[in-house]
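# Structural overview
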Amino acid sequence: MAYRVTLIPGDGTGPELIEATRRVLEATGVPFEWDVQEAGADVMERYGTPLPEHVLDSLRRTRVGLKGPITTPVGTGFRSVNVALRQALDLYANVRPARSFKGVQGPFQDIDLVVIRENTECLYVGIEHEVIPDVAAEAIRIITRHASERIVRFAFEYARANGRRKVTAVHKANILKTTDGLFLKVAYEVASQYPDIAFDDRIIDNMCMQLVQHPHEYDVLVMPNLYGDIVSDLCSGLVGGLGMAPGANIGEDMAVFEPVHGSAPKYAGQNRVNPTATILSGVMMLRYLGEHDAADRVQRAVERVIAEGRYVTADLKPSRDDPTAVGTQEMADAIIRAMNE
Ligand code: NAD
């Protein structure tokens, strides 16, 4: 029986990254039946919304999605499709691992961090308005006991299931005493139920400095939505950049896998960006489906191709204009070859 998976190519560089990933996943021999669904600016005219209900219905049927990035207009226009999709399907846990790969230049080796970002509330509820047009504006930040408790519990369960030693809660409870104060209080309550896993907390600004100076002291980081969005990009910078950072949006019985990065529109259609983040999101999907052998094979092939450094995209070469850099699809081809050798 093939796995039915909703495939959302997205826009910008999304379609070429999803195409590369689809080919790698199919090369594992695991059978997939893709339900391809379009979302984003391009479908606005046809459906009057960038996230048509039939896309959500497809995910409600298949329970598993693989998604390319989708562009969100800055300052004006429609709300983020990515945020709306996570909220509509209650995909409350955004899991963003950042792991070093041999062969990738960077300030550190052996980084192995996981950011667990709350995915449904905080400032991303998107409630904002002008108090006085052009003079003052206001946004509402929602933090609830329910969402805080389930994301911290998710982080501890993730730590247990993956042999992790420590969870760190990240917050700004010194200033946001009521909202982050609630998140932190709940985090300590949940932590007391997991005596086998170490627990501490860090204020977000200090956390950023600590991650840049002493990343090896941290393991699983759990935090409200906005901090998770920012800190996960920081962590991807520690391991070679956004081209290397996969992600998963997990709900009770549904999950959508997508890279941390956005649509990188300036590179769209150029066969230039790194497919690793999207392919590793596919590896996370294989594990979610219980296909651990296939996941290991893709993971090892990615590691090998990157360690060899020959068939990699420009962002993984010593200089961005390195003439030996290969394209998105050629890197995927090399990964498929490495899988079959
Ligand atoms: P971005 O992540 O698209 O790109 C920032 C920079 O990171 C790029 O210019 C490029 O230098 C690098 N980069 C990103 N992906 C790469 C890859 N695969 N390989 C190599 N380098 C890569 O961020 P942005 O420019 O701030 O956002 C562009 C659009 O994407 C915006 O509309 C934003 O809202 C959207 N976005 C979508 C998602 C999502 O779909 N989940 C996430 C973040 C941003």
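What you see is a predicted model, and the numbers here were worked out from it, not measured in a lab.

Thresholds applied
Residues numbered from 1 in each chain as written. Predicted model: local features only at pLDDT ≥ 70, side-chain atom pairs only at ≥ 80, totals over all residues. Heavy atoms only, no water. Helix = DSSP H or I, 4+ residues; strand = E, 2+ residues; numbered from the N terminus. Rg over C-alpha atoms; globule rule 2.2 N^0.38 Å. Buried < 20%, exposed > 50% of the residue type's maximum accessible area, 1.4 Å probe, protein only. Contact = heavy atoms within 4.5 Å. Expected span 1.5 Å × (residues − 1). Arc of directions from axis to C-beta. Pairing = 2+ DSSP bridges. Axes fitted to C-alpha atoms, helices over the stretch in contact; angles between N-to-C directions. Parallel < 35°, antiparallel > 145°, perpendicular 65-115°, else oblique. Domains from an automatic or database assignment. Salt bridge = Lys/Arg side-chain N within 4 Å of Asp/Glu carboxyl O. Polar contact = N/O pair within 3.5 Å; in protein donor to acceptor, adjacent residues only side chain to side chain. Nonpolar A, V, L, I, M, F, W, Y, C, P; charged D, E, K, R; others polar. Patch = residues over 30% accessible without salt bridge, like charges linked within 9 Å, V, L, I, M, F, W, Y side chains within 5 Å. Areas by Shrake-Rupley, 256 points an atom, 1.4 Å probe, with all protein chains shown as cover. Near = heavy atom within 4 Å. Phe/Tyr/Trp six-rings, centres within 6.5 Å; stacked < 30°, edge-to-face > 60°. Lys NZ or Arg CZ within 6 Å of the ring centre and 35° of its normal.

From N to C terminus, the protein includes eleven helices and twelve strands. Over its C-alpha atoms the protein spans a radius of gyration of 20 Å, differing by no more than 12% from the 20 Å that the globule rule assigns to 341 residues. For the protein, the spread of C-alpha atoms along the three principal axes comes to 55 × 50 × 45 Å. Counting only residues that meet the buried cut, the protein has 55% of its 341 residues in that class. Sequence-distant contacts in the protein: of pairs separated by 6 or more residues, those separated by 24 or more amount to 73%.

Okay, helix α6 (residues 179-191) next. Between its first and last C-alpha atoms α6 spans 19 Å; for 13 residues at 1.5 Å apiece the expected length is 18 Å, and the two agree. Residues of α6 that are buried include every one of T179, D180, F183, L184, V186, A187, V190 and A191, and no others. Taken around the axis of α6, the buried residues stretch over an arc of 165°, which confines them to a single face. Against α5 (145-161), β8 (166-171), β9 (198-203), β10 (220-223) and α8 (225-238) lie the buried residues of α6.

What follows covers the sheet that holds strand β12 (residues 255-257). Pairing is mixed across the open sheet formed by ten strands, whose spatial order is β2-β1-β3-β12-β11-β4-β5-β10-β8-β9. Both edges of this open sheet fall to β2 (32-36) and β9, since each of them pairs with a single strand only. In this sheet, neighbouring strand axes are inclined to one another by 25° on average, regardless of whether the strands run parallel or antiparallel. Bridge analysis of β8 against β10 gives three bridges, and the strand direction is parallel. Counted as the bridge partner of T168 is L221 from β10. Packed on one face of the sheet, helix α7 (residues 204-213) meets β5 (112-118), β8, β9 and β10 and runs near 110° to β9.

Moving on, we come to the packing of α7 against α8. Their axes nearest at 10 Å, the elements α7 and α8 cross at an angle of 10°. Classified by the angle between their axes, α7 and α8 sit roughly parallel to one another. Packed against α7, whose contacting residues are I204, C208, L211 and V212, the element α8 presents Y227, V231, L234, C235 and L238 at the interface.

All right, on to the domain arrangement of the protein then. When the domains of the protein are assigned, the result is domain 1 (1-96 + 245-341) and domain 2 (107-238). When each unit is reduced to the centre of its C-alpha atoms, the spacing between domain 1 and domain 2 is 24 Å. On the domain 2 side, the residues contacting the 15 residues of domain 1 number 20 residues. Taken together, domain 1 and domain 2 are joined by two salt bridges. For the salt bridge of R150 with D90, the shortest nitrogen-to-oxygen distance reads 2.7 Å. Linking domain 1 with domain 2 are ten residue pairs in polar contact (both at pLDDT 80 or more). Within the residue set of the side of domain 1 that touches domain 2, elements represented by two or more residues are α4 (81-88), β4 (93-99) and β11 (248-250). Top contributing element to the side of domain 1 that touches domain 2 by residue count: β4, with four residues. For the side of domain 1 that touches domain 2, the class distribution of residues is eight nonpolar, three polar and four charged.

The buried fraction of β8 amounts to six of the six residues, a majority that puts the element mostly inside the structure. Along β8, one buried face is formed by K166, T168 and V170 and the opposite face, lined by V167, A169 and H171, is buried too. Where β8 meets β9, six bridges bridge the pair, whose relative direction is parallel. Residue H171 lies in a different strand from β9, and its bridge partner there is I203.

On to a nonpolar patch on the surface. A contiguous nonpolar surface patch, about 210 Å² in accessible area, is contributed by I127, I140 and I142. Position of I140 relative to the elements: it lies in the loop between β7 (136-139) and α5. I140 gets classed as partly exposed once you look at its relative accessible area, which sits at 36%.

Another aspect to go through is the side chain of T21. Here T21 shows up in helix α1 (residues 14-27). Given the relative accessible area of 0%, T21 is considered buried. Here I279 takes part through its backbone nitrogen, which lies 3.5 Å from a polar atom of the side chain of T21. Apart from residues lying up to four places away in sequence, T21 is in contact with L66, P275, T278, I279 and G282.

Attention now goes to the site of the ligand. Residues in close proximity to the ligand total 21 residues, the closest being I70, T72, N82, G262 and A264. The separation between an oxygen atom of the ligand and a polar main-chain atom of G262 is 2.7 Å. One of the backbone N or O atoms of S263 is found 3.0 Å from an oxygen atom in the ligand. Taken by itself the ligand offers 810 Å² of open surface, and the protein chains cover 72% of this. Per-class residue counts for the shell around the ligand are eight nonpolar, eight polar and five charged.

To continue, consider the packing of aromatic side chains. Tallied over the full model, the rule gives seven aromatic pairs. For the pair F32 and W34, a centre-to-centre distance of 4.7 Å together with 20° between the ring planes defines the contact as stacked. Judged by its relative accessible area of 13%, F32 falls in the buried class. On the basis of relative accessible area, W34 is assigned to the buried category, the value being 18%. Site record: aromatic cluster; members linked through ring pairs are F156, Y188, Y194 and F199. Just above the ring of F101 sits the side chain of R99; from NZ or CZ to the centre is 5.1 Å.

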